[in-house]
Amino acid sequence: MLCPSHSFARWRRKTGFLPGGGSRRMGGDGIARRRSNGAASTSNEPDRAASWDRVLYRKQAFPDNHTDDTFLSGLVLNGRITPRVLSEVMLDATTVSQQLAVVALKSTAVAHLLSGRVTARDLVAIDAALLAAGALAVAAMHGPARAVRRCARVGPAMLAAILALTPLFQTMTAAISDDTAVATAVCSLALHLLTHDYASLNSSSARLGSFVSLGAAMFASAILTSRLPPAPDARSPLEPNAAVFADMSLAVALFVLLPSLRREARQRGAPRTAVRRVFATACLHAAAIASVLALRGIGDGNVTTLAVGYVAAVFGIVVVCPAWLVRMMGFKEQINGPWDEAKPDASLLR
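These numbers were taken from a predicted model, which means no experiment stands behind them.

Undergrad: Outline the overall build of the chain, listing residues and values.
TA: Along the chain, the regular secondary structure elements total 9 helices and 4 strands. Going from N to C terminus, the chain has its helices and strands arranged as α-β-β-β-α-α-α-α-α-α-α-α-β. When each of the 350 residues of the chain is scored for burial, the buried share is 31%. Pairs at least 24 apart in sequence give 75% of the contacts found in the chain among residues at least 6 apart. Of the roughly 21,900 Å² of accessible surface on the chain, 64% is carried by carbon and sulfur atoms.

Right, here's the structure in full:
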């Protein structure tokens, strides 16, 4: 490992600057002499006529931290920084805004169920439409045979698990107040947005943050679903509620199946991927804004303010933050040179 401190040491010897107040003075015989607390003998200086090679494990007449006069000639400023393009950064930021739209859709679905504007039958129909659209997308990417096999393998098991857990979901928060349940759900959804693995859309491997994010999202969904009232004709509190089943099916479709479908679509590498991402983002935000505006007349909240805040958040994520990042990249300075640590090439190990 080469160190620039030796170049500074040679500069001190040439200029006569020594630590501790020492200096270089010329003797009577015209030979430069050093004066310090402990004058070092120059008999140990290596022979400057000897050649020096940049080889680590060869015994040479120079110290380990020796550098030649060309040491600083290899300095590179911002040589490893990838320039940011505003359009590409904005396109990548749509992934974050899409997840915000998913959270808005799931949250407003519970409000519509509580108000009675959307019945359990309507939500079941929406879930069926979403699952059918996902099956068609898988068939378009991988063929009808693979889509049928996947739906037959995942669909029945998923629906049976949700149906079996429905009595637990509808009584999970019976002992706590609505304010506590809503506050806990809001914190869990915020944790979901903060820990969501947005980079997983470009890779096939999942990270720890994705499991934390999924757990927080499903926990918030279970809390919100548990506040739904039981069916009017329910004979027992443990009887499965169609609204609870439909809402949890929507949560699974939005937080589990949709990210997987988006990852597969991204990895397909279609030539019009950017156009499809923009179109999918526009559809998600249009549905989220329509769902928020449909809350008018429910409660005492100002729905218009909520919709404006949602649009402002999306604008900040997609436009303001990418522009700020590109602007700040102009002030970034990174120095690279021969003193950098060697990075192994993983392709050589294959």
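Moving on, there is more to tell.
Undergrad: Got a sec to walk through the packing of helix α8 (residues 273-293) against helix α9 (residues 303-329)? Specific residues and values, please.
TA: Closest axis-to-axis distance for the α8/α9 pair is 9 Å, and the angle between their directions is 160°. Viewed along their axes, α8 and α9 adopt a mutual orientation that is roughly antiparallel. For the pair α8 and α9, the crossing hand works out as right-handed. Counting all contacts with α8, which are made through H285, A288, I289, V292 and L293, the residues of α9 involved are V303, L306, A307, Y310, V311 and V314. Of the residues assigned to the contact of α8 with α9, the class counts are 10 nonpolar, 1 polar and no charged.

Undergrad: How would you explain the environment of H112 if you had to name every residue and give the values?
TA: Locating H112 in the fold gives a position in helix α2 (residues 86-115). Between the C-alpha atoms of H112 and I298, which are 186 residues apart in sequence, the distance is 8.6 Å. Filtering out sequence-adjacent residues up to four positions away, H112 remains in contact with R117, V118, S291, A294, L295 and I298.

Undergrad: Give me the lowdown on a nonpolar patch on the surface, citing residues and values where you can.
TA: Judged by side-chain polarity, L72, L75, L77 and I335 come together as a nonpolar surface patch covering roughly 380 Å² of accessible area. Positionally, L75 belongs in the loop between β2 (32-35) and β3 (76-77). Taking the relative accessible area as the measure of exposure, L75 reaches 40% and is therefore partly exposed.

Undergrad: Before we move on, can you summarise α2 with the specific residues and values?
TA: Between its first and last C-alpha atoms α2 spans 43 Å; for 30 residues at 1.5 Å apiece the expected length is 44 Å, and the two agree. At T95, α2 shows its largest kink, close to 25°. G116 occupies a position one or two residues after α2 and carries a positive phi of about 90°.

Reading the values: rules and limits
- Residues numbered from 1 in each chain as written.
- Predicted model: local features only at pLDDT ≥ 70, side-chain atom pairs only at ≥ 80, totals over all residues.
- Heavy atoms only, no water.
- Helix = DSSP H or I, 4+ residues; strand = E, 2+ residues; numbered from the N terminus.
- Buried < 20%, exposed > 50% of the residue type's maximum accessible area, 1.4 Å probe, protein only.
- Contact = heavy atoms within 4.5 Å.
- Areas by Shrake-Rupley, 256 points an atom, 1.4 Å probe, with all protein chains shown as cover.
- Axes fitted to C-alpha atoms, helices over the stretch in contact; angles between N-to-C directions.
- Parallel < 35°, antiparallel > 145°, perpendicular 65-115°, else oblique.
- Left-handed = near helix turned anticlockwise from the far one by under 90°.
- Nonpolar A, V, L, I, M, F, W, Y, C, P; charged D, E, K, R; others polar.
- Patch = residues over 30% accessible without salt bridge, like charges linked within 9 Å, V, L, I, M, F, W, Y side chains within 5 Å.
- Salt bridge = Lys/Arg side-chain N within 4 Å of Asp/Glu carboxyl O.
- Expected span 1.5 Å × (residues − 1).
- Bend = angle between axes of the 7 residues up to and from the residue.

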